[in-house]
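Structure at a glance
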Amino acid sequence: MQDTDPREILAHNPMKPMQIVAVAVCILLNALDGFDVLAISFAAPGISSDWNVDRAALGIILSMELVGMSLGAILLGMVADRIGRRPVLLGCLVVMAAGMALASRATGISDLLVYRFFTGLGIGGLLAAINAMSAEVASARAKNLCVALMAAGYPAGAVIGGSIASSMLVDGSWRDIFIFGAIVTAAVIPLMWFLLPESVGYLAERQPRNALERINRTMRRFGHAEVAALPPVETGRPRLPLAQLLGGQFRMTTILLTLIYFAHIMTFYFLVKWIPKIVTDMGYEPSAAGGVLVWTNVGGLIGGLVFSVLTWRFQIKGLLFAVLIGSALFVVLFGQGSRDLAQLSLMTAAAGFFITGGVIGIYAAIAAAYPASVRAGGTGFVIGLGRGGAVVGPIAAGFLLSMGFGLPVVALVMAAGSFIAALALLFLRPATAQPG
């Protein structure tokens, strides 16, 4: 055995098949997030019709799981830095499956708000933990690529799940969408149990009971050399992850990343939450409206994959700035509207290409900015507070629309989020190399 830091072995050696499998599981988990978050968007026209919900109230319904996601990301992200990525991921999957099942049985707005908030807690914790996990199972060279591919699982889940949801709406009820989501989420739990071990970065950093044995078990599984002893633990750091995130070394990085995420995600969730309702208001059937949202996520999936490949050769900051500007421009163009469904689908696909690329780029920037000791907590803090933008976006758009403002004005206001994020990005310093 070698007396070497296991994080360095993973960082400086080519990735082996089981590491790639672990990243693939992270992609699958984020695909569940993509479908679970957008399930309410696909269901929105049916809910509005069944319960006679106005636009302002619908905006609150569309945002409720995002409130849960904010709280779940902050709290459970820090828990993942304390007890490990794996137990948090498993617990979050249970919460998500239960929340989706309960939503299918909601009898009114108040019930649905509670169930979507509960589901959001699980989604938020999942996001924080898988961002850390996907970075920590990868080699140093492939880290940005793996995180970006993980984030691209979101539009993939929205495309595949959305296509199924749209077909369900042809002859079925909006409740069927939540039943489908609950079944699929529950089915992934045993898959994750067997294929995704605890992060070596977490075990080396926190050194819980039997840490060396667990590290070497994972190193053998990944096809790398075992280590003879645990690496030394860093001393003198603040006990609370929050103190590190808001301390001197990471303060400005955390503030800027939170602002960037808040502003851009406001634009993102305006688009993905309101498309079905906007399209049905144009006179199209709910199934057709769901199809437009699917095309938005097709564009997002392509944008995510293109962005992921480009991270292999180009710096994240420049790529991210370009897609944020593109996001702002295409959301403004979407606001000009179209009565032709094919043209509208093409426009939303183009917007999705840039707007999803921006989200994926931000996740990669977050993972690169923090060490393993606070990576899940840092991710959770940034996306937790940043999810405030996800809450603001749909609600603000709902109130603007209910006040009589036209889609061009509303889209222009909401597109400002991506533009503000691009400006804030200019002040973000490049991340230094971080262990784990």
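Note that this is a predicted model, so its numbers are computed, not measured. (Residues numbered from 1 in each chain as written. Predicted model: local features only at pLDDT ≥ 70, side-chain atom pairs only at ≥ 80, totals over all residues. Heavy atoms only, no water.)

**Section: the environment of Gly-46**
When you line up the elements, Gly-46 lands in helix α2 (residues 17–51). Along the primary structure Gly-46 and Lys-277 are separated by 231 residues, whereas in three dimensions their C-alpha atoms are 9.7 Å apart. (Helix = DSSP H or I, 4+ residues; strand = E, 2+ residues; numbered from the N terminus.)

**Describing the nonpolar core**
Of all hydrophobic cores here, the largest spans 138 residues; its most connected members are Leu-29, Leu-89, Leu-196, Tyr-269, Phe-270 and Tyr-370. Considering every element that reaches this core, the biggest residue donor is helix α11 (residues 251–281), with 16 residues. (Core = buried A, V, L, I, M, F, W, Y, C linked by side-chain atoms within 4.5 Å. Buried < 20%, exposed > 50% of the residue type's maximum accessible area, 1.4 Å probe, protein only.)

**Here we look at empty space enclosed by the protein**
Counting across every chain of the model gives one cavity of 30 Å³ or more. Volume-wise, the largest cavity comes out at about 100 Å³. In terms of lining, the largest cavity is formed by 13 residues, of which the most central are Tyr-154, Phe-268, Val-359, Tyr-363 and Arg-387. Ranked by residues supplied to the lining of the largest cavity, first place goes to helix α14 (residues 341–369) with four residues. Counted by class, the lining of the largest cavity contains nine nonpolar, two polar and two charged residues. (1 Å grid on protein atoms, 1.4 Å probe; cavity = no way out; pocket = protein on both sides within 12 Å on 5 of 7 lines; lining within 4 Å. Points joined across faces, edges and corners; volume = space filled by probe spheres on them. Nonpolar A, V, L, I, M, F, W, Y, C, P; charged D, E, K, R; others polar.)

**Observations regarding a nonpolar patch on the surface**
Together, Phe-399, Met-403, Phe-405, Val-409 and Val-413 make up a nonpolar patch on the protein surface, roughly 470 Å² of accessible area in all. Relative to the elements of secondary structure, Val-413 occurs in helix α16 (residues 407–425). (Patch = residues over 30% accessible without salt bridge, like charges linked within 9 Å, V, L, I, M, F, W, Y side chains within 5 Å. Areas by Shrake-Rupley, 256 points an atom, 1.4 Å probe, with all protein chains shown as cover. Salt bridge = Lys/Arg side-chain N within 4 Å of Asp/Glu carboxyl O.)

**Details of the state of the cysteines**
By definition, a disulfide links the sulfur atoms of two cysteine residues through a covalent bond. Scanning all chains against the criterion turns up zero disulfides. With no disulfide of its own, Cys-146 has Cys-26 as its nearest cysteine by sulfur position, at a separation of 9.0 Å. For Cys-146, a relative accessible area of 6% puts it in the buried group. (Disulfide = S-S within 2.5 Å.)

**Some thoughts on the confidence of the model for the chain**
On average, residues of the chain score 86 in pLDDT, and 95% of them are at 70 or above. Looking over the chain, one finds the lowest element-wise mean pLDDT in helix α10 (residues 241–245), namely 67, and the highest in helix α4 (residues 85–103), namely 96. (pLDDT = per-residue confidence, 0-100.)

**Examining the pattern of salt bridges**
A complete count under the given rule lists eight salt bridges for this structure. Salt-bridge contacts for Arg-7 lead to Asp-5; the nearest nitrogen and oxygen are separated by 2.8 Å. The class of Arg-7 is buried, set by a relative accessible area of 11%. Between Glu-136 and Arg-375 there is a salt bridge; the shortest N-O distance is 3.1 Å. Highlighted residues: Glu-136 in helix α5 (residues 109–136) and Arg-375 in helix α15 (residues 375–402), separated in sequence by 239 residues. Residue Glu-136 is classed as buried on the basis of its relative accessible area, which comes to 4%. Look at Arg-375 and you get buried, because its relative accessible area is 0%.

**Section: α11**
With 31 residues, α11 extends 45 Å between its outermost C-alpha atoms, agreeing within 8% with the 45 Å of an ideal straight helix rising 1.5 Å per residue. Taken as a whole, α11 carries its principal kink of about 50 degrees at Trp-274; the proline Pro-276 stands between one and four residues after it. Where burial is concerned, most of α11 is hidden: 25 out of the 31 residues are buried. Looking at the residues trailing α11, positive phi occurs at Gly-283, about 110 degrees. (Expected span 1.5 Å × (residues − 1). Bend = angle between axes of the 7 residues up to and from the residue.)

**Structural notes on the side chain of Thr-348**
Mapped onto the fold, Thr-348 is located in helix α14. Among the polar contacts listed, one links the side chain of Thr-348 to the backbone oxygen of Ser-345, at a separation of 2.9 Å. If we skip the residues at most four places from it in the chain, Thr-348 touches Ile-275, Val-292, Thr-296 and Phe-334. (Polar contact = N/O pair within 3.5 Å; in protein donor to acceptor, adjacent residues only side chain to side chain. Contact = heavy atoms within 4.5 Å.)

**Describing the packing of α11 against α16**
At a minimum axis distance of 7 Å, the contact between α11 and α16 shows a crossing angle of 155 degrees. With respect to α16, the element α11 is oriented roughly antiparallel. Like other packed secondary-structure pairs, α11 and α16 cross with a definite hand, here left-handed. For the pair α11 and α16, contact is made by Leu-256, Leu-259, Ile-260, Ala-263, His-264, Met-266, Thr-267, Phe-270 and Ile-278 and by Leu-407, Val-410, Ala-411, Met-414, Ala-415, Gly-417, Ser-418, Ile-420, Ala-421, Ala-424 and Leu-425, respectively. (Axes fitted to C-alpha atoms, helices over the stretch in contact; angles between N-to-C directions. Parallel < 35°, antiparallel > 145°, perpendicular 65-115°, else oblique. Left-handed = near helix turned anticlockwise from the far one by under 90°.)

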